[in-house]
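Summary of structural features
Take a look at the letters that make up each chain.
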Amino acid sequence: MTLGYETVDVFTETAFGGNPLAVVTGGETLTTEAMQAIAREFNTPETTFVMPPADPANTARVRIFTPAMELPFAGHPNVGTATMLARRGEVFGRPVGDAVLFEETIGLVGLDIVRSKGEAVGAVLTSPAMPEVKERFDPSAVAAAVGLPDTAIVVARHAPVQVAIGAVLLIAEVEDRDVLAAARGDAGLQLKHLGEAASPLVYLYTREDAGADYLHIRSRMFAPRAGIPEDPATGGAAVAIAGLFATLMDGNLDLVIDQGIEMGRPSRLDVRLIREGGVERITVAGRCVPMMRGEIVAI
């Protein structure tokens, strides 16, 4: 048995930038344990497995794994998988058009394909739900968990807080770029200062520029307990932080997120919080670069 795979760099227009993703096809008979082992072998922040949908009206069933765990939903795996399938042009004998719908653990996830000169170059993800703001955390404990002094965490707008959108992320604002650059991902520090119950996904950001209806931030995401020492671009966190901002402001918001810069893998995520007719929704857009393709033979 052999499986096909392709890798793409997500949330970038430049090869070797953004967030790498492995997309595996042909693994319908794989066990969860086998998928997790393959994800460990790729050792990219996430690996997706594309399988036939339960409902033929949908594009595919997609499962998402980090090197250490399965996720019910994540952003960059969806954007990268959708773009790769659209570039391929068909999946399970059916054409892939300008919109795809994936069956995932969180539910149905829809994306619109971005094309340039007829070729798929990226995708716009619509969050399957609005994030849920949950527990607050002591700023001193969060600072210590990422190797920073007590004064590093900014609480003027919000305390460090966990936000759930499939996965749960702990989000905190820090003072400036220098503080952001000094943070580090350390599983031992996270467990010592935040405890087992806290999310293993710690997302820090600082404000670069802001207006009445736009915001530009720079971020880092540490998840060593999930097998990701640092993530170059985190679409799920982009949804989560937009959901957090939705609780702090009125109206719509255009949000640009720069991430991965400290890692040498610069990424850009374009996020929108849209309120129309009493309905809120969040979109995350990004470009993708195809990188590698091949076969997995040791199954």
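The text that follows walks through the structure, step by step, so that each part is easy to find.

Procedures and definitions
Think of each chain on its own: its residues are numbered from 1, step by step along the sequence as written. The model is predicted, so local features are restricted to residues of pLDDT at least 70 and side-chain atom pairs to those at 80 or more, both for listing and for counting; the totals for chains, interfaces and linings are taken over all residues. Side-chain measures here rest on the full set of heavy atoms in the structure, leaving out hydrogens and waters. Should DSSP find at least two bridges between two strands, the strands are taken to pair. Counting from the N terminus, the helices are the DSSP runs of H or I reaching at least four residues and the strands are the DSSP runs of E reaching at least two. Residue types Ala, Val, Leu, Ile, Met, Phe, Trp, Tyr and Cys, when buried and joined through side-chain atoms within 4.5 Å, form a set referred to as a nonpolar core. Throughout this description, buried means an accessible area under 20% of the type-specific maximum (1.4 Å probe, protein chains only), exposed means over 50%, and partly exposed covers the range between. Any two residues having at least one pair of non-hydrogen atoms within 4.5 Å are treated as being in contact. A 1.4 Å probe that fits but cannot get out identifies a cavity on a 1 Å grid over protein atoms alone, an open set with protein on both sides within 12 Å along at least five of seven lines counts as a pocket, and a residue lines either if it has an atom within 4 Å of a point. Grid points are joined across faces, edges and corners, and a volume is the space filled by probe spheres set on the points. Any pair of N or O atoms that falls within 3.5 Å is considered a polar contact. Within protein, one atom must be able to donate a hydrogen and the other to accept it, and sequence-neighbouring residues count only if both atoms are side-chain atoms. The span one expects for a helix is its residue count, reduced by one, times 1.5 Å.

Where strand β18 (residues 253-259) and strand β19 (residues 267-276) come together, seven bridges link them in antiparallel fashion. Pairing of Asp 258 across the sheet is with Arg 268, part of β19. The turn linking β19 back onto strand β20 (residues 279-296) is made up of two residues, and Gly 277 within it adopts a positive phi angle of 55°.

Soluble globular proteins tend to pack their nonpolar side chains together in the buried interior. Leu 111, Ile 171, Tyr 203, Ile 241, Leu 255, Ile 257 and Val 271 are the most contacted members of the largest nonpolar core, which has 61 residues in total. Sequence-distant contacts of Ile 257, that is, excluding residues within four places in its chain, are made with Tyr 203, Ile 217, Ser 219, Ala 238, Ile 241, Ser 267, Arg 268, Leu 269 and Val 271. The next biggest cluster of nonpolar side chains, apart from the first, holds 20 residues, and it includes Val 142, Ala 145, Leu 170 and Ala 198.

All right, on to empty space enclosed by the protein then. One pass over the full model with this rule turns up one cavity of 30 Å³ or more. As a volume, the largest cavity reaches approximately 150 Å³. Considering the residues around the largest cavity, the lining is formed by 20 residues, among which Glu 46, Leu 71, Ala 74, Thr 234 and Gly 236 are closest to the centre. Secondary structure elements with two or more residues in the lining of the largest cavity: α2 (75-88), β14 (167-174), β17 (228-231) and α6 (235-246).

Glancing now at the side chain of Thr 44. Within the secondary structure, Thr 44 sits in the loop between α1 (32-42) and β3 (46-51). Within the local environment of Thr 44, its side chain forms a polar contact with the side chain of Thr 47, the two groups lying 3.4 Å apart. With near-sequence residues (within four places) excluded, Thr 44 lies in contact with Pro 20, Ala 22, Ala 39 and Pro 67.

Here two bridges tie strand β16 (residues 214-223) to β17, and the two strands are oriented antiparallel to one another. In the strand pairing of β17, Ala 223 is matched with Ile 228.

The next subject is α6. An ideal rise of 1.5 Å per residue puts 16 Å on 12 residues; α6 measures up with 17 Å between its terminal C-alpha atoms. Burial analysis of α6 places 12 of its 12 residues in the buried class, which makes it a mostly covered element. Among all positions of α6, only Gly 235, Gly 236, Ala 237, Ala 238, Val 239, Ala 240, Ile 241, Ala 242, Gly 243, Leu 244, Phe 245 and Ala 246 are buried.

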